[in-house]
Amino acid sequence: MDYRAEYEKWLHSDALNDAEKAELRAIENDDKEIESRFYAPLSFGTAGLRGTMAVGLHNMNVHVIRWATEGFARVIAAEGEEAKRKGVAICMDCRLNGMDFARATAEVFCGNGIRVRIFEALRPTPELSFAVREYGCQAGVNVTASHNPKEYNGYKVYWADGAQLPPRHADKIADELTRIDIFKDVKRMPYDEAVKAGMITVMGEETDEKFLAEVMNMVNDYEVVKQVADDFKVVYTPFHGCGYKLVPEALKRLGVEKLFCVAEQMEPDGNFPNGVPNPMLLENRRETAGRVVAEKADLGVSWDGDFDRCFLFDAQGNFVDAYYIIGLLAEVFLAKEPGAKIMYDPRLRWNVEETVERLGGKKVIYKSGHAFMKECMRKEGVLYGGESSAHHYFRDFTCCDSGMLPWLLVYQYLSVTGKSLQQAVGERMAMFPVSGEINRKVTNAPEILARIKEKYADGIYDDIDGVSVAYAEWRFNVRTSNTEPVMRLNVETRGDKKLLEAKTAELLAMIGGEEA
């Protein structure tokens, strides 16, 4: 693609407003910046689109949103008139421009004769997935970039089962997009006109109630839970994201009154004044951990921006890696259904595998990612699955992931057993210590992976997801991110923290790059 010609096309298009044109004129002498914005379109995949917000073909802006929606609309329309009638559910998270992007999405669907259900304000990703299923929609769109920095936004896409698009549908959209001119070929119906025409239905508290009822139905030991509710203390933070509303309501229904929030992170705010909504980053755990200790709480919980991942802290304020929560929930589900299948990804595996084997379950390992995990769950008949990144999938939640269910089920487990979280997972953490996921910005990922494979060629190798190599006492996984230009490293050992530190340092020296 001639990036200069594309830049001029945008600069002189009547589709751009004065502010957008001014932004492009400001970079007219910066060839490197122009190239970065116009060298190619954003790539469309099973998770949709994600990029930094700016005016340009390779960025997230209202024009790229419309272009992507036109491609999606054509794929839906190809399914027939019934698919258009079923329509699309749309929501957004707390990010800047979220509502503008969501309404732009609605306008294009309506312009293509496809009905729309749109949330009145920000909602969690799992609730969007629920709405698609609850109202029998053909598809869904969520305007979100999850845990990315504030400069990012994204466009997650879902099919009728509430899961992110399978590759075959994503490929169809990507193919359609190659034939759509971003300014000439997009059909739109103004938002207010679409509302008056009955093409748009706005969703609100009635959908919240239905969603919450379905989630709460997964808690089946209400009486035991309520017996300890008076004394159980919970600290939580939505991290400026979508979890600010539903969590207090869920705990209220369980009888928990001693709920403490991290006040400075409660307000939805796409500027993320207290850091990006990613509790996997060490610096983003301090406020929650400190509040847990200060309140002498039993449990701390934090979420990412779109509320599809939750992260737990024990009573000492220690962050508990999602890896150990997967093992704990595997135990919970295998107690209910002995011999069931438990799914996990290859980044970290020994703890989960040992737990499943010991309890007589069946192991299923699969590539990480919502679309892949859900496809595997349905194909293999999996009861529960977890990713090391803290995505948890549930058969009885139509195989979708949820940021609500994991902590509710852990809370129920602690109530029923009388254990603390540290007692529940402490032994497993000692048996299988981990590095935690370490991210590095790199520019030569294929070369790095090739060198790693060569150096560790004497280990047991698999490429289910990235590069995994195992030895008798330690193993690692290194992979490139699906959503960011980074390489991710995970290392674990069999109870040897010194070996863990040494091998982590060894691998980081090979990977190089900057901290991400």
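Refer to the structure printed above.
Per the secondary structure count, the protein includes 20 helices and 22 strands. For a compact globule of 516 residues, the expected C-alpha radius of gyration is about 24 Å, and the protein comes in at 23 Å, within 12% of that figure. With respect to the three principal axes, the spread of C-alpha positions in the protein is 65 × 55 × 45 Å. A buried classification covers 58% of the 516 residues belonging to the protein.

Right, let's get into the sheet that holds strand 8 (residues 258–261). Taken in spatial order, the five strands of this open sheet run 8-7-9-10-11, and their pairing is mixed. Edge positions in the sheet fall to strand 8 and strand 11 (319–320), since each of these pairs with one other strand and no more. In terms of strand pairing, strand 7 (residues 233–237) meets strand 8 through four bridges, oriented parallel. Residue Val-235 lies in a different strand from strand 8, and its bridge partner there is Phe-260.

We now examine the side chain of Ser-389. Its location among the elements puts Ser-389 in the loop between strand 14 (384–386) and strand 15 (392–394). For Ser-389, a relative accessible area of 9% gives the class buried. Excluding residues that lie within four positions of it along the chain, Ser-389 makes contacts with Met-280, Arg-309, Phe-311 and Arg-347.

With that settled, consider the sheet that holds strand 6 (residues 200–203). Sheet architecture is open: six strands sit in the order 1-5-4-2-3-6, paired in mixed fashion. Lying at the two open borders of the sheet, with one neighbouring strand each, are strand 1 (49–52) and strand 6. Neighbouring strand axes in the sheet, compared pairwise and without regard to direction, differ in orientation by 15° on average. Taken together, the five bridges between strand 2 (residues 88–92) and strand 4 (residues 139–143) define a ladder with parallel strand orientation. The residue of strand 4 that forms the bridge with Val-88 is Ala-139.

Next up on the list: the pairing of strand 12 (residues 341–344). As judged from the four bridges shared by strand 12 and strand 13 (residues 362–365), these two strands associate in the parallel manner. In the sheet register, Ile-342 faces strand 13, and the bridge partner there is Lys-363. In the classification by handedness, the crossover that spans strand 12, the intervening helix 15 (residues 350–358) and the parallel strand 13 is right-handed. One ladder, built from three bridges, connects strand 12 with strand 14; its direction is parallel.

For the pair helix 7 (residues 125–134) and helix 10 (residues 205–216), the least separation of the axes is 10 Å and the interaxial angle reads 100°. Taken together, helix 7 and helix 10 sit at an angle that is classed as roughly perpendicular. Between helix 7, through Pro-126, Glu-127, Phe-130, Ala-131, Arg-133 and Glu-134, and helix 10, the contact on the second element is made entirely by Thr-207, Asp-208, Lys-210, Phe-211 and Glu-214. Partitioned by chemical class, the residues of the contact of helix 7 with helix 10 number four nonpolar, one polar and six charged.

Attention now goes to the packing of aromatic side chains. Applying the stated rule across the entire model yields 21 aromatic pairs. The interplanar angle of 65° and the centroid separation of 5.1 Å between the aromatic rings of Tyr-456 and Phe-476 together place this pair among those described as edge-to-face. Taken together, the residues span a long stretch of sequence, with Tyr-456 in the loop between helix 19 (445–455) and strand 18 (460–462) and Phe-476 in strand 20 (residues 474–480) at a distance of 20 residues. As far as burial versus exposure is concerned, Tyr-456 and Phe-476 are alike and both buried. A ring pair is formed by Trp-474 and Phe-476, whose centres lie 5.7 Å apart and whose planes are at 25°; its orientation type is stacked. Given the relative accessible area of 7%, Trp-474 is considered buried. Given a relative accessible area of 0%, Phe-476 falls into the buried group. Counting every residue linked through ring pairs, the aromatic cluster contains Tyr-7, Trp-10, Phe-38 and Phe-183. Geometry around Trp-350 places Arg-494 over its ring, the cationic atom sitting 3.8 Å from the centre.

Here helix 1 (residues 3–11) crosses helix 3 (residues 31–38) at 80°, and the two axes come no closer than 9 Å. What the angle tells us is that helix 1 and helix 3 run roughly perpendicular. Here Tyr-3, Arg-4, Glu-6, Tyr-7 and Trp-10 of helix 1 lie close against helix 3, whose contacting residues are Asp-31, Ile-34, Glu-35 and Phe-38. Considered class by class, the residues forming the contact of helix 1 with helix 3 number five nonpolar, no polar and four charged.

Judged by nonpolar contacts, the single largest core of 67 residues is most densely connected at Leu-254, Met-404, Trp-407 and Leu-421. Of all hydrophobic cores here, the second largest spans 56 residues; its members include Leu-11, Tyr-155, Ala-170 and Ile-173.

Under the criterion given, the structure shown has 41 salt bridges. Here Lys-156 ties to Asp-308 by a salt bridge, and the two come within 3.4 Å at their closest N and O atoms. Here the residue Lys-156 occupies a position in strand 5 (residues 152–159), and Asp-308 occupies one in the loop between strand 9 (299–303) and strand 10 (310–313), the gap between them amounting to 152 residues. A relative accessible area of 6% places Lys-156 in the buried class. Between Arg-291 and Glu-295 there is a salt bridge, with the nearest N and O atoms lying 3.0 Å from each other. Of this pair, Arg-291 and Glu-295 both sit in helix 13 (residues 286–295), four residues apart, which is roughly one turn of that helix.

In this section: helix 13. Buried within helix 13 we find Thr-288, Ala-289 and Val-292. Projected down its long axis, helix 13 shows its buried positions confined to an angular sector of 100°, all on one face. Facing away from the buried side of helix 13 by more than 90 degrees, the exposed set consists of Arg-286 and Ala-294. Buried residues along helix 13 sit in contact with strand 7, strand 9 and strand 10. Just beyond helix 13, the residue with positive phi is Lys-296, at close to 55°.

Cut-off values and rules
Residues numbered from 1 in each chain as written. Predicted model: local features only at pLDDT ≥ 70, side-chain atom pairs only at ≥ 80, totals over all residues. Heavy atoms only, no water. Helix = DSSP H or I, 4+ residues; strand = E, 2+ residues; numbered from the N terminus. Rg over C-alpha atoms; globule rule 2.2 N^0.38 Å. Buried < 20%, exposed > 50% of the residue type's maximum accessible area, 1.4 Å probe, protein only. Pairing = 2+ DSSP bridges. Contact = heavy atoms within 4.5 Å. Axes fitted to C-alpha atoms, helices over the stretch in contact; angles between N-to-C directions. Right-handed = clockwise from strand over helix to strand, strands pointing away. Parallel < 35°, antiparallel > 145°, perpendicular 65-115°, else oblique. Nonpolar A, V, L, I, M, F, W, Y, C, P; charged D, E, K, R; others polar. Phe/Tyr/Trp six-rings, centres within 6.5 Å; stacked < 30°, edge-to-face > 60°. Lys NZ or Arg CZ within 6 Å of the ring centre and 35° of its normal. Core = buried A, V, L, I, M, F, W, Y, C linked by side-chain atoms within 4.5 Å. Salt bridge = Lys/Arg side-chain N within 4 Å of Asp/Glu carboxyl O. Arc of directions from axis to C-beta.

These values are about where atoms sit, not about what they do.
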